[in-house]
Amino acid sequence: MEADEPLWRPLKGAAKRRRRNYGIGLALCERLLSQDSEGLRLCLACRNMSRAEAARSTLLTSHPLAQVALLQMDTSSISSVLGAAQEVRRRYDRLDYIYLNAGIMPNPQFDVKAFFKGLFSRNIINMFATGEGIVTQKDGVTADGLQQVFATNLFGHFLLVRDLEPILCQPGQTTQLIWTSSSNAHRSAFSLEDIQHLKGTQPYSSSKYASDLLSLALNTHCNKQGLYSSVVCPGLVLTNLTYNILPSFPAFLWTVLMPVFWLIRMITNTFTLTTYNGTEALFWLFKQKPESLDPCVKYHSLTSVLGNNYTQPRKVDGHRFGDIRIFI
């Protein structure tokens, strides 16, 4: 499965983000440009440049005066990340926002037995809301010898931020990092002794929990320099990543399931379902002053049973984790 792609914004400064071309990333770009199509400068950092060109074309069709640049980058490759960071430093002298949304869930396996067991347990709402215990993955290894999910979802982003330090947090300016986390980020899947998740079967959950901890660590160490970090959960959004969890399901079955998903929204507001709804918290953070945000919460995109979108902060699981300093 392909990694999500990124985005940046220079002019009023620069913003950068990893985004999926036909998912939450593109929906967020649309929302950002709808608010400020001329003053905002976006830079989409993507692994697949043909898809990047298609995304850029889509954005310019809706916003012909928008400034949308492209940059090739693959967060699973150390050399690609370092090369992209060098190019960003050459192009821009500041970055206001960096959206870190790259993510893969390779070879997902749906545990049917665990699913039906969960249907008749007290954990049913949490199972639907977070997917805990019903989805596993088989990880791979990158050319650099790192676990693929760890490299793509976490380490590549961290390396990028560290290499961009010369243009972050200029005097009188703040930079905000916004990580796309997940409700599937479970502390039970993560271990400091196995940070790459070599021994487990939930590398996606582990990497997302690690990004939550990394955000906490960055705030602890870097807020005084003007670097702020937030994590976001978009809720359950029906994108390619979601569909690939059940690749054998025929298309018509997803259509049949849609009314069920809407009904589930009556008991859990995390079923945002559409990419527009899923970007609610990402877009909300764009309009806030970074220094006013709580560094110990995850901002959730939520949708009510009536279809109203809103953002809700919830404490990050492990916000008192004693060893978050390990990430810096």
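Before any of the text, the structure's been laid out above.
Here the structure is a predicted model, which is why all the values come from computation and not from measurement.

Thoughts on the overall build of the chain
Summing up its helical and strand segments, the chain has 11 helices and 11 strands in all. The buried share of the chain, taken over its 328 residues, is 56%. Sequence-distant contacts in the chain: of pairs separated by 6 or more residues, those separated by 24 or more amount to 72%. Taken as a whole, the chain presents about 14200 Å² of accessible surface, with 54% of it coming from carbon and sulfur.

Some words on the packing of helix α1 (residues 24-35) against helix α2 (residues 49-62)
Interhelical geometry of α1 versus α2 gives an angle of 30 degrees and a closest axis separation of 11 Å. On the basis of their axis angle, the class for α1 and α2 is roughly parallel. Viewed along their axes, α1 and α2 form a crossing whose handedness is right-handed. Of the residues in α2, those in contact with Leu 26, Cys 29, Glu 30 and Leu 33 of α1 are Ala 55, Thr 58, Leu 59 and Ser 62.

Section: the pairing of strand β8 (residues 175-180)
The element β8 is extensively covered by neighbouring structure, given that six of its six residues are classed as buried. Two strands pair when backbone bridges link them, and strand β5 (residues 97-100) and β8 are joined in this way by four bridges, in the parallel orientation. Paired with Ile 98 across the strands is Leu 177, a residue of β8. In this region the chain leaves β8, passes through helix α7 (residues 203-222) and returns to the parallel neighbour strand β9 (residues 227-233); the handedness of that crossover is right-handed.

Description of the packing of aromatic side chains
Within the structure shown, the criterion is met by four aromatic pairs. Considering the side-chain rings of Phe 150 and Phe 155, the 5.9 Å spacing of their centres and the 20 degrees angle between planes classify their relative orientation as stacked. With relative accessibility at 26%, the residue Phe 155 sits in the partly exposed group. Seen in terms of ring centroids, Phe 190 and Tyr 209 are 5.5 Å apart; in terms of plane orientation they differ by 45 degrees. Their pairing is tilted. Of the two residues, Phe 190 is situated in the loop between β8 and α7 and Tyr 209 in helix α7; the sequence distance between them amounts to 19 residues. Directly above the aromatic system of Tyr 276 lies the positively charged group of Arg 31, at a separation of 4.2 Å from the ring centroid.

With respect to α7
Taking 1.5 Å of rise per residue, 20 residues should cover 28 Å, and α7 covers 27 Å from first to last C-alpha, within 8% of that figure. In terms of residue burial, α7 counts as a mostly covered element, since 18 of its 20 residues are buried.

A word on the nonpolar core
In terms of nonpolar packing, the biggest core is built from 37 residues, with Leu 95, Leu 164, Leu 168, Leu 177 and Trp 179 touching the most fellow members. Among the elements of the structure, β3 (41-46), α3 (78-91), β5, α6 (148-163), β8, α7 and β9 are those that each provide at least two residues to this core. Of all the elements, α7 adds the most residues to this core, at seven residues. Those residues within four positions of Leu 168 in sequence are excluded, and the remaining contacts are Leu 95, Ile 98, Val 161, Thr 175 and Leu 227. Counting residues in each nonpolar core, the second largest holds 29 residues, with Leu 42, Ile 178, Leu 282 and Phe 283 among its members.

What to know about the pattern of salt bridges
Note that side chains of opposite charge can pair when their charged atoms are close. Inspection of the entire model under this criterion finds eight salt bridges. With a shortest N-O distance of 3.0 Å, Arg 94 and Asp 96 are connected by a salt bridge. Under the relative-accessibility criterion, Arg 94 is labelled partly exposed at 29%. A relative accessible area of 8% means that Asp 96 is categorised as buried. Its salt-bridge partner being Lys 298, residue Asp 212 comes within 2.9 Å of it at the nearest N-O pair. One end of the pair, Asp 212, is in helix α7; the other, Lys 298, is in strand β10 (residues 297-303), and 86 residues separate them in sequence. Residue Asp 212 shares its accessibility class with Lys 298, and that shared class is buried.

Looking at the side chain of His 157
Assignment of secondary structure puts His 157 in helix α6. Look at His 157 and you get buried, because its relative accessible area is 1%. Within the local environment of His 157, its side chain forms a polar contact with the backbone nitrogen of Ala 102, the two atoms lying 3.4 Å apart.

Observations regarding the state of the cysteines
Under the criterion given, the structure shown has zero disulfides. There is no disulfide at Cys 29, and the cysteine sulfur nearest it, in Cys 46, is 8.7 Å away. Between Cys 43, a free cysteine, and Cys 46, which holds the nearest cysteine sulfur, the sulfur-to-sulfur gap is 8.3 Å.

What to know about α1
Owing to its 3.6 residues per turn, the α-helix brings residues three or four apart onto one side. Spanning 12 residues, α1 covers 17 Å between terminal C-alpha atoms, matching the ideal 16 Å at 1.5 Å per step. The element α1 is largely enclosed, with a buried count of nine among its 12 residues. Within α1, burial applies to Ile 24, Gly 25, Leu 26, Ala 27, Leu 28, Cys 29, Arg 31, Leu 32 and Leu 33.

Structural notes on the packing of α6 against α7
Relative orientation of the contacting elements α6 and α7 amounts to 15 degrees, with a least axis distance of 8 Å. By the criterion of interaxial angle, the relationship of α6 to α7 is roughly parallel. Pair α6 / α7 crosses with right-handed handedness. Where α6 approaches α7, its residues Val 149, Asn 153, Leu 154 and Phe 158 are matched on the opposing element by Pro 203, Tyr 204, Ser 207, Lys 208, Ala 210, Ser 211 and Leu 214. Considered class by class, the residues forming the contact of α6 with α7 number seven nonpolar, three polar and one charged.

About the cut-offs
- Residues numbered from 1 in each chain as written.
- Predicted model: local features only at pLDDT ≥ 70, side-chain atom pairs only at ≥ 80, totals over all residues.
- Heavy atoms only, no water.
- Helix = DSSP H or I, 4+ residues; strand = E, 2+ residues; numbered from the N terminus.
- Buried < 20%, exposed > 50% of the residue type's maximum accessible area, 1.4 Å probe, protein only.
- Contact = heavy atoms within 4.5 Å.
- Areas by Shrake-Rupley, 256 points an atom, 1.4 Å probe, with all protein chains shown as cover.
- Axes fitted to C-alpha atoms, helices over the stretch in contact; angles between N-to-C directions.
- Parallel < 35°, antiparallel > 145°, perpendicular 65-115°, else oblique.
- Left-handed = near helix turned anticlockwise from the far one by under 90°.
- Pairing = 2+ DSSP bridges.
- Right-handed = clockwise from strand over helix to strand, strands pointing away.
- Phe/Tyr/Trp six-rings, centres within 6.5 Å; stacked < 30°, edge-to-face > 60°.
- Lys NZ or Arg CZ within 6 Å of the ring centre and 35° of its normal.
- Expected span 1.5 Å × (residues − 1).
- Core = buried A, V, L, I, M, F, W, Y, C linked by side-chain atoms within 4.5 Å.
- Salt bridge = Lys/Arg side-chain N within 4 Å of Asp/Glu carboxyl O.
- Polar contact = N/O pair within 3.5 Å; in protein donor to acceptor, adjacent residues only side chain to side chain.
- Disulfide = S-S within 2.5 Å.
- Nonpolar A, V, L, I, M, F, W, Y, C, P; charged D, E, K, R; others polar.

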